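# Commentary on secondary and tertiary structure
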Amino acid sequence: MKRCFIFAAGTYYGLRERPQTGDLVLAADAGYLACRQAGITPDLLLGDFDSMDQPADFDPVCRVPVEKDDTDTMLAVKTGLEQGCGEFYIYGGTGGRRLDHTLANFQALLYLRRHGAQGYLYDDDFCWTAIEDETLTLERQVDWGIVSLFPQDGAAEGVTLTGLQYPLMDARLTPDVGLAVSNHFLAEQAVITVRKGALLVGWQLPSL
């Protein structure tokens with residue numbers, strides 16, 4: 001499965017997975033700076049360049065208008081899908097000074113899932129992904145590591161959690177109640193099932 005690495009203009013916390021030959025690397029606007037900080041040359045730099053000046057010594061560049069429907073990160077997501085990528089690793093998609101962009105990138109995870117791909121958004125010692133009408137198995141990477149769930153697009157039905165401190169069986173989670181925040185691994189694996197609906201899932205990673 002072809003992989004896509006996206007560097008966005010939020011806070012860069014360090015590289016968890018390094019691109020390999022054949023992977024697509026995209027820098028979204030000032031995400032170019034994080035990409036180069038990681039020692040990686042992107043295949044394409046795209047954005048409206050409202051958070052940094054367009055570098056004069058880099059090509060190829062896809063410059064887009066400031067007034068547009070998609071964020072620069074979402075443009076990168078759509079570009080990766082157009083190139084046939086099925087796994088997405090997003091760095092610099094959280095933090096920074098723009099909570100609205102963090103929330104938009106959480107939406108992008110569900111957009112990816114609904115377009116047949118899986119996205120992983122890296123925060124500070126945390127990873128996020130979206131699932132819908134399916135089961136996700138997580139490997140414990142931190143002793144007593146945190147796992148949090150948030151319903152997306154309305155209520156999530158038939159939520160079952162095993163291997164965690166607070167198990168659930170065929171539960172209903174709604175966006176207005178934080179019932180599934182700050183759970184913890186008890187077993188080597190946690191299994192998360194949602195029978196109907198979408199969940200944003202985040203789990204703790206070892207510190208770099």
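Up top is the structure.
Everything numeric in this text was worked out from a predicted model, so none of it was measured.

Before going further, it helps to spend a moment on the overall build of the protein chain. Across its full length, the protein chain carries three helices and eleven strands. In the protein chain, the succession of helices and strands from N to C terminus is β-β-α-β-β-α-β-α-β-β-β-β-β-β. Over its C-alpha trace the protein chain gives a radius of gyration of 17 Å, about what one expects of a compact globule, namely 17 Å for 208 residues. Principal axes of the C-alpha set define a box for the protein chain whose edges measure 55 × 35 × 35 Å. Expressed as a percentage of the 208 residues in the protein chain, the buried residues total 50%.

A separate point is the pairing of strand β3 (residues 44-47). Alternating residues of β3 divide into L44 and L46 and L45 and G47, and every residue in both groups is buried. Summarising the sheet, strand β2 (residues 24-28) and β3 pair through three bridges and their orientation is parallel. Residue pairing across strands places A27 opposite L45, the latter belonging to β3. Regarding the hand of the β-α-β motif, the stretch spanning β2, helix α1 (residues 31-37) and β3 is right-handed. Inspection of the sheet shows β3 paired to strand β4 (residues 61-63) by three bridges, in the parallel sense. Across the sheet, L46 pairs through a bridge with C62, a residue of β4.

With respect to the helices and strands, T129 occurs in strand β7 (residues 126-139). For T129, a relative accessible area of 1% puts it in the buried group. A distance of 2.6 Å separates a polar atom in the side chain of T129 from the backbone oxygen of G119. The contacts of T129, once residues within four sequence positions are left out, are L109, Q118, G119, Y120, L136, L199, L200, V201 and W203.

Scanning all chains against the criterion turns up 13 salt bridges. Salt-bridge contacts for E132 lead to R114; the nearest nitrogen and oxygen are separated by 2.8 Å. Here E132 is found in strand β7, whereas its partner R114 is found in helix α3 (residues 99-114), with 18 residues between them in sequence. For R114, a relative accessible area of 43% gives the class partly exposed.

On to the packing of helix α2 (residues 72-82) against α3, then. Closest axis-to-axis distance for the α2/α3 pair is 10 Å, and the angle between their directions is 15°. Relative to α3, the element α2 is oriented roughly parallel. Every pair of crossing elements has a handedness; the one defined by α2 and α3 is right-handed. From α2, T73, M74, V77, K78 and L81 reach across to α3, where they touch N105, A108, Y111 and L112. By residue class, the composition of the contact of α2 with α3 is six nonpolar, two polar and one charged.

Below, the discussion takes up the environment of K2. In this fold, K2 is placed in the segment before β1 (3-7). Residues K2 and L24 lie 22 residues apart in sequence; the distance between their C-alpha atoms is 7.8 Å. When residues no more than four places from it in sequence are discounted, the contact partners of K2 are G22, L24, Q83, G84, C85, G86 and E87.

Glancing now at the environment of Y122. Following the sequence through the fold, Y122 ends up in strand β6 (residues 118-123). Sequence separation between Y122 and T11 is 111 residues, and the spatial gap between their C-alpha atoms is 9.9 Å. Apart from the residues lying within four places of it in its own chain, the contact partners of Y122 are Y13, R16, Y89, I90, Y91, T94, C127 and L205.

The subject of this paragraph is the pairing of strand β9 (residues 168-173). Across three bridges, strand β8 (residues 146-162) lies against β9 in antiparallel orientation. Bridged to A156 within β9 is L173. Taken together, β8 and the strand that follows it, β9, pair antiparallel across an intervening segment of five residues, in which G163 is found at a positive phi of about 80°.

Conventions adopted
- Residues numbered from 1 in each chain as written.
- Predicted model: local features only at pLDDT ≥ 70, side-chain atom pairs only at ≥ 80, totals over all residues.
- Heavy atoms only, no water.
- Helix = DSSP H or I, 4+ residues; strand = E, 2+ residues; numbered from the N terminus.
- Rg over C-alpha atoms; globule rule 2.2 N^0.38 Å.
- Buried < 20%, exposed > 50% of the residue type's maximum accessible area, 1.4 Å probe, protein only.
- Pairing = 2+ DSSP bridges.
- Right-handed = clockwise from strand over helix to strand, strands pointing away.
- Polar contact = N/O pair within 3.5 Å; in protein donor to acceptor, adjacent residues only side chain to side chain.
- Contact = heavy atoms within 4.5 Å.
- Salt bridge = Lys/Arg side-chain N within 4 Å of Asp/Glu carboxyl O.
- Axes fitted to C-alpha atoms, helices over the stretch in contact; angles between N-to-C directions.
- Parallel < 35°, antiparallel > 145°, perpendicular 65-115°, else oblique.
- Left-handed = near helix turned anticlockwise from the far one by under 90°.
- Nonpolar A, V, L, I, M, F, W, Y, C, P; charged D, E, K, R; others polar.

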